[in-house]
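Observations on the three-dimensional arrangement
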Amino acid sequence: MASRARGLALALLLAAGSGAVPAFAQQVDVPVSEAARCLTVREGAAEAPDYPFDAYKSGERGAVQVLLEFDAADAPPKLTVQENVGGPEFVGAVRKHARDLRVPCLKPGDGPARLIRDYVFRPDDRQVHWHRSVDADAGARFDAWGCVKHQRGEDKPDYSREVRLNEVQGRVVAEIRFEGPDSAPVVKIHARPSARLLAQAVESWLSQTRMPCYPGRPVTVNVTYVFMFHGESAFGFRNLPFTALVGSTVGIDRQRLQFDTTRMACPFEVDFNYRRPQLRNRIGEVGDRHPERRPLLEWMETIELQVRGRSLDSIYGDTTRITVPCVRIDLKPKE
């Protein structure tokens, strides 16, 4: 364990220096909804659509993108085909499969859950793959953040005198939910203890914001506020090889992992934004998406790294680009 932690520490670069000039930035993302995470099939149903027999025998490929609208936790969705590449038999297979889809976490009054999912039919794999479901309204929520205004016209949280004197730097991740055009948002702040003063500044600033273009339904965004100083070394990830990421995962000796990245169009790159343990990590594919990467990317969202103290202060909320090599992983829990 200790050697793994030391190995990860070598992949981090902490800031050092003094007399720097403060700098500020913010990064906005729309979190994956609970409905998208809990989308599943009813008990006893198949996880994937059946591959149309004639299409499979003739080696025909297909791809179908659908909009799924759920009004209740125990009812199938209304399905709208967004795109179809291939014959109508692929759409028929997806429609039949969708009758078994459910979102058990959907609560009465939550309103319809609108999700988009892509299905990929590849005869060489002898199975159907699907991309992770995404929220159909994610783009509209992101755009709504653009109209948010501060009541006193302040364009960003302020560096307090104490922050400047002590040259406090770090990142603050805020979960922000607007529930009306004239009310303050519901805010949940996540930050390292060393960034306490920064977290207070962000929370105070957000309490004075409003969303005049409120679209009529609650809007939730995550915003990472970055407080740094010009003239210093980088504060955050320096380099994190994929092997170091896996080896430095908390509890890796107790996990059962089976990933074959040679089936994932390897090598490929992902952006890894570290937010554990408070929130899921944010993982983004660079370039074209590939459906077989979904289990690996979902696992990467959950991992917590064996980092503490100043090193954790440095990487919390930071993003690094990781190259996933061509490798077969087959880990079993140690006795």
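Residues numbered from 1 in each chain as written. Predicted model: local features only at pLDDT ≥ 70, side-chain atom pairs only at ≥ 80, totals over all residues. Heavy atoms only, no water.

So, about helix α4 (residues 88-98). Restricting attention to buried positions, one finds in α4 the residues Phe90, Val91, Ala93, Val94, His97 and Ala98. All buried residues of α4 project into a common sector of 160° when viewed along the axis, lining one side. In this structure, α4 carries Pro88 and Lys96 as exposed residues pointing more than 90 degrees from its buried face. In this fold, the buried residues of α4 make contact with β3 (40-41), α3 (53-57), β4 (62-70), β5 (78-85), β6 (101-102) and β7 (113-122). (Buried < 20%, exposed > 50% of the residue type's maximum accessible area, 1.4 Å probe, protein only. Helix = DSSP H or I, 4+ residues; strand = E, 2+ residues; numbered from the N terminus. Arc of directions from axis to C-beta. Contact = heavy atoms within 4.5 Å.)

This part is about the pattern of salt bridges. With the rule as written, the count across this model stands at 21 salt bridges. Two residues, arginine 328 and aspartate 260, come together in a salt bridge whose shortest N-O distance is 3.5 Å. A residue pair is termed long-range when its members are at least 10 positions apart, and arginine 328 in strand β20 (residues 328-331) and aspartate 260 in strand β16 (residues 257-260) qualify at 68 residues. When salt bridges with common partners are traced through the structure, they connect Arg37, Arg132, Arg280 and Glu301 into a single cluster. (Salt bridge = Lys/Arg side-chain N within 4 Å of Asp/Glu carboxyl O.)

Right, let's talk about unusual backbone geometry for a bit. Cis geometry is adopted by the peptide bond preceding proline 267, which originates at cysteine 266 and carries an omega value of -10°. You can see proline 267 is positioned in the loop between β16 and β17 (268-273). The backbone phi angle of alanine 265 is positive, close to 55°, even though this residue is not glycine. Mapping alanine 265 onto the fold places it in the loop between β16 and β17.

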